[in-house]
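Examination of the molecular architecture
Each chain, letter by letter, is given below.
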Amino acid sequence: MPREQYQTKLEGLRDDVLYMSEVVAERLRMGLDALEQQDSELGEEVITGDAEINDLYLELEGNCTDLIALQQPVAGDLRFIAASFKIITDLERIADLATNLGEYAKQADQEVFPDVDVQRIGDETLAMLDEAMDAYAESDSERCFAVAEADDELDAACEAASDLVVRDLIERDDLREKADVEGTMQNVSRLLLTIRDLERVGDHAVNIAARSLYMIENDDELLY
C-alpha cells in the first residue's frame with residue numbers, strides 16, 4: 001500500500017474512533033435522560049441502539065487488525081493503532097453501561113432519593129469521557145492526567161451518594177407493609193447499581209486517557 005494510502009487509513013481510523021465516541025456519549029446522555037424522566041420508551045431506544053455500537057466496534061476492530069497484519073506498523077503508528085483498539089473496547093463497554101441505565105429507566109416507578117443527584121454524577125462522567133477523547137484526538141498528554149484527577153472526585157461523589165442512600169434507608173421508619181419494603185428495596189438496589197455503573201464509566205474514561213498517554217508519549221504511568 002502506498003504511503004499516502006496508509007496515512008489516509010490511519011487518519012480514517014482516528015475519525016472513526018471519534019465518531020464511535022460521539023455515538024456512545026449520545027447513548028449515555030439518553031440513558032441519563034430516560035432515568036431522570038422515568039421514560040421507558042427512551043430507555044428502550046437506548047437498549048435497541050446498542051446493536052449499532054456493537055457493529056461499529058466490530059468494524060473498527062477489523063480495521064485495526066488489518067492495519068497491523070498488512071502494514072506491520074512500528075513505533076508511534078503501532079502505539080496509535082493499539083491504543084485505538086483498546087479505546088473502542090472501552091467505548092463498547094461504556095455503551096453497555098448506558099443500556100443498563102435504559103433498563104433501570106424502564107423499571108423505575110418513583111423518585112425515592114431526591115437528595116442523590118444522579119444527573120450531576122452523570123454529567124461528570126460525560127465530561128471525563130469528552131476530555132479523554134479530546135486527549136486522544138489532539139494528542140494532549142495534559143488532558144490525560146486531568147481525566148485521572150477527575151476520577152478521584154467522581155469516586156468520592158459516588159461513595160458519598162451510596163452512603164447517603166444506605167444511611168437514609170437505615171433511618172426510615174415509614175416502611176410498614178411488606179409491599180412497601182420490597183418496592184423500596186428494589187428502588188434502592190436500582191439506584192446503587194446506577195451509581196456503580198456511572199463510576200465504572202469514569203473508570204473506562206481513565207482507561208481511554210491512559211491508552212492515549214501511552215500513544216502520545218510511550219508513557220505507561222496511567223496504565224497501572
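An unreviewed UniProt entry lists the chain under the name Phosphate-specific transport system accessory protein PhoU, from Halorubrum aidingense JCM 13560. Turning to the chain, the UniProt annotation filed under Subcellular location (unreviewed entry) states: "Cytoplasm". According to the UniProt record, the Subunit (unreviewed entry) comment for the chain reads "Homodimer."

**Observations concerning the UniProt feature "domain: PhoU" (unreviewed entry) in the chain**
Here the UniProt-annotated "domain: PhoU" (unreviewed entry) positions come out as residues 20–104 and 119–210. Helix makes up 93% of residues 20–104 and strand 0%. Its end C-alpha atoms lie 24 Å apart.

**Some words on the nonpolar core**
Grouped together as the largest cluster of nonpolar side chains are 64 residues, with contacts concentrated most on V17, M20, L91 and M133. At the level of elements, α1 (3–37), α2 (40–48), α3 (50–71), α4 (75–107), α5 (118–138), α6 (141–171) and α7 (178–217) are the ones that each hand at least two residues to this core. A per-element tally of this core places α1 first, with 14 residues. With sequence-adjacent residues up to four places away left out, L91 is seen in contact with V17, M20, S21, V24, L129, M133 and I208.

**Considerations on the confidence of the model for the chain**
On average, residues of the chain score 90 in pLDDT, and 91% of them are at 70 or above. The least confident element of the chain is α7, whose mean pLDDT is 88; the most confident is α5, at 96.

**Considering a negative patch on the surface**
Taken together, the side chains of E11, D15, D16, D55 and E59 present a region of like negative charge at the surface. Sort the elements by how many residues they give to the negative patch and α1 lands first, with three residues. Counting through the fold element by element, D15 comes out in helix α1.

**Quick notes on the side chain of R27**
Mapped onto the fold, R27 is located in helix α1. We classify R27 as buried; its relative accessible area is 10%. When near neighbours in sequence (up to four residues on either side) are disregarded, R27 contacts V46, G49, E52, I53 and A98.

**A few points about unusual backbone geometry**
In this structure, Q38 takes a positive phi of about 50 degrees despite not being glycine. Inspection of the secondary structure assignment puts Q38 in the loop between α1 and α2. Of note in this structure, N218 is not a glycine but carries a positive phi near 55 degrees. Turning to its location among the elements, N218 is positioned in the segment after α7. Take N218: its relative accessible area is 45%, and that puts it in the partly exposed class.

**Regarding the pattern of salt bridges**
Within this structure, the stated rule accounts for twelve salt bridges. Between R27 and E26 there is a salt bridge, with its nearest N and O atoms 3.5 Å apart. By relative accessible area, E26 is classed as partly exposed at 45%. One salt bridge in this structure joins R29 and D33, with 3.4 Å as the shortest N-O distance. Of this pair, R29 and D33 are both found in helix α1, four residues apart, which corresponds to roughly one turn of the helix. Its relative accessible area of 26% is what places R29 among the partly exposed residues. Here the salt bridges do not stand alone but share partners, grouping E131, D134, E138, D140 and R143 into one network.

**Let's talk about the environment of V147**
With respect to the secondary-structure elements, V147 resides in helix α6. Each C-alpha atom, one on V147 and one on G12, is 25 Å from the other, the two residues being 135 residues apart in sequence. Residues in contact with V147, not counting those within four places in the same chain, are M128, E131, A132, A205, V206 and A209.

The rules we used
- Residues numbered from 1 in each chain as written.
- Predicted model: local features only at pLDDT ≥ 70, side-chain atom pairs only at ≥ 80, totals over all residues.
- Heavy atoms only, no water.
- UniProt positions renumbered as here; feature names shortened; annotations may be inferred.
- Helix = DSSP H or I, 4+ residues; strand = E, 2+ residues; numbered from the N terminus.
- Core = buried A, V, L, I, M, F, W, Y, C linked by side-chain atoms within 4.5 Å.
- Buried < 20%, exposed > 50% of the residue type's maximum accessible area, 1.4 Å probe, protein only.
- Contact = heavy atoms within 4.5 Å.
- pLDDT = per-residue confidence, 0-100.
- Patch = residues over 30% accessible without salt bridge, like charges linked within 9 Å, V, L, I, M, F, W, Y side chains within 5 Å.
- Areas by Shrake-Rupley, 256 points an atom, 1.4 Å probe, with all protein chains shown as cover.
- Salt bridge = Lys/Arg side-chain N within 4 Å of Asp/Glu carboxyl O.
- Lys, Arg positive; Asp, Glu negative; His and termini not counted.
- Charge placed at Lys NZ, Arg CZ, Asp CG, Glu CD.

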